[in-house]
Amino acid sequence: MKLGVVGLPNVGKSTLFNAITCAGAQAANYPFCTIEPNTGVVAVPDSRLDVLAEMYHPEKYTPAVLEFVDIAGLVKGASKGEGLGNKFLSHIREVDAIVHVVRCFEDENVIHVDGSVDPARDIETIQTELVLADMETVAKRLEKAQHLLKNGDKKYADEVEAAQIVLEHLNGLKPARTAPLTKDQKAIVDGWFLLTTKKVVYAANISENDVGEGSEDLPMVQKVKQIAAEEGSEVLVICAKLEEEIAQLEPEEKQMFLDEMGIGKSGLDRLVTLGYELLGYISFLTAGPKEVRAWTIEKGTKAPQAAGKIHTDFERGFIRAEIVAYDDLVREGSMNACKEKGLVRSEGKDYVMKDGDVTLFRFNV
């Protein structure tokens, strides 16, 4: 589960990433993990785990996590090898979704690489590089599919048609994710791992002075929202500088600060939650004296495959899943109390897991 953080120089990308990695280091029950110098793992906020931990006093407490990758090297011409070029593009291919940091603040002490602040232009600069790289990929796919179709392999007709639609769309400097494709064509294109099919959260980076009421209506933020609405992307208004300061506070100090600011949740917590939802993930929960844990699965996952997230033997020897809704468990106070009231369900192989299912898997191998 990787989110790639991208942005032009001096837009606040590094500041936001510093906040992310610092938050990872501060996560009370999840050790900060630096896989590479530009990678940080952050716990997904989930108050349900805190409640379950109070109930069970477990030896271990394990939240779901998201991995953030600081993707450096983007400049105009990256698709042609400028800056870190191909390395930058390969890092984008490896992530599941993109957090695009867009500068929405004026500061004469922070020089913009293009000489002025313009969120729409900045978004276009990055998007153009990704589109150009995708055009090259799709053109090669189209050429190969046309050659195979010409040689009599009729199954490539659908691939040719899909490639022609996407290539025309990209030629208009529009991301592939907004191309007018049928469900079957989309399935074909998904197999090409294009850069512009990835989902995007635009992090509209505002100044500390603009934090609070009215920040959503700032003219620069409105520009970002308009672009996001046109392509079906998400926008999160955030102050990277403030988030970096918040992330360094102890948990109690952090909450006091947020309450004083009238914010409630930090922008970083909102970003992590939004990223988790954007990728189409949900959590099922396991709870007991040994461990309270959130397990990440995709929406639509059936019970045996969810069991396999814990251990492959659980999936292989799956018998049933004993499930109680989180709200029912908390209200009744224990699994036994839920059983007495008939609130614990026995679900089979076709059961589709729901977010917050507190689950015990029965298996035999």
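Everything in this summary refers to the structure shown in the same document.

What counts, and where the lines are drawn
Once a new chain begins, its residue numbering starts again from 1 and follows that chain's sequence as written. In view of the model being predicted, local features appear only for residues whose pLDDT reaches at least 70, and side-chain atom pairs are presented and counted only at 80 or more, with totals across whole chains, interfaces and linings using the full set of residues. To obtain the side-chain values, all non-hydrogen atoms of the structure were included, while hydrogens and water were left out. Partly exposed describes any residue whose relative accessible area lies between the buried limit of under 20% and the exposed limit of over 50%, with all areas from a 1.4 Å probe on protein chains only and scaled to the type maximum. Counting from the N terminus, the helices are DSSP H or I runs at least four residues long and the strands are E runs at least two residues long. Whether two strands pair comes down to DSSP finding at least two bridges between them. Handedness is read with the strands pointing away from the viewer; a crossover is right-handed when the path from the first strand over the helix to the second is clockwise. Axis lines are fitted to C-alpha atoms, over the contacting stretch for helices. Their N-to-C directions set the angle, which ranges from 0 to 180 degrees. When an angle is under 35 degrees it counts as roughly parallel; over 145 it counts as roughly antiparallel; between 65 and 115 it counts as roughly perpendicular; any other value is oblique. Two residues form a contact once any of their heavy atoms are found within 4.5 Å. Polarity classes work like this: nonpolar for Ala, Val, Leu, Ile, Met, Phe, Trp, Tyr, Cys and Pro, charged for Asp, Glu, Lys and Arg, and polar for all others, with Gly in that last group.

Considering the pairing of strand 6 (residues 199-205)
Burial analysis of strand 6 places six of its seven residues in the buried class, the great majority of the element. One ladder, built from seven bridges, connects strand 5 (residues 97-103) with strand 6; its direction is parallel. Within the sheet, the bridge partner assigned to Ile98 lies in strand 6 and is Val200. Taken together, the five bridges between strand 6 and strand 7 (residues 234-238) define a ladder with parallel strand orientation. Counterpart to Ala203 in the pairing with strand 7 is Leu236. With helix 7 (residues 219-231) bridging strand 6 and the parallel strand 7, this β-α-β connection has right-handed handedness.

Things to note about the packing of helix 4 (residues 119-150) against helix 7
Put simply, helix 4 and helix 7 touch, their axes get as near as 8 Å, and they point 40 degrees apart. Considering their axes alone, helix 4 and helix 7 lie oblique with respect to each other. Contact with helix 4, carried on its side by Pro119, Ala120, Ile123 and Gln127, involves Met220, Lys223, Val224, Ile227 and Glu231 of helix 7 and no other residues of that element.

Concerning the packing of helix 5 (residues 157-171) against helix 6 (residues 183-190)
How two helices sit against one another is set out by the angle between their axes and by the gap between those axes. Relative to each other, helix 5 and helix 6 sit at 85 degrees, their axes nearing to 10 Å. Between helix 5 and helix 6, the interaxial angle falls into the category roughly perpendicular. Contact with helix 5, carried on its side by Asp158, Glu159, Glu161, Ala162, Ile165 and Val166, involves Gln185, Ile188 and Val189 of helix 6 and no other residues of that element. The class makeup of the residues in the contact of helix 5 with helix 6 is five nonpolar, one polar and three charged.

By themselves, these figures tell us nothing about what the structure is for.
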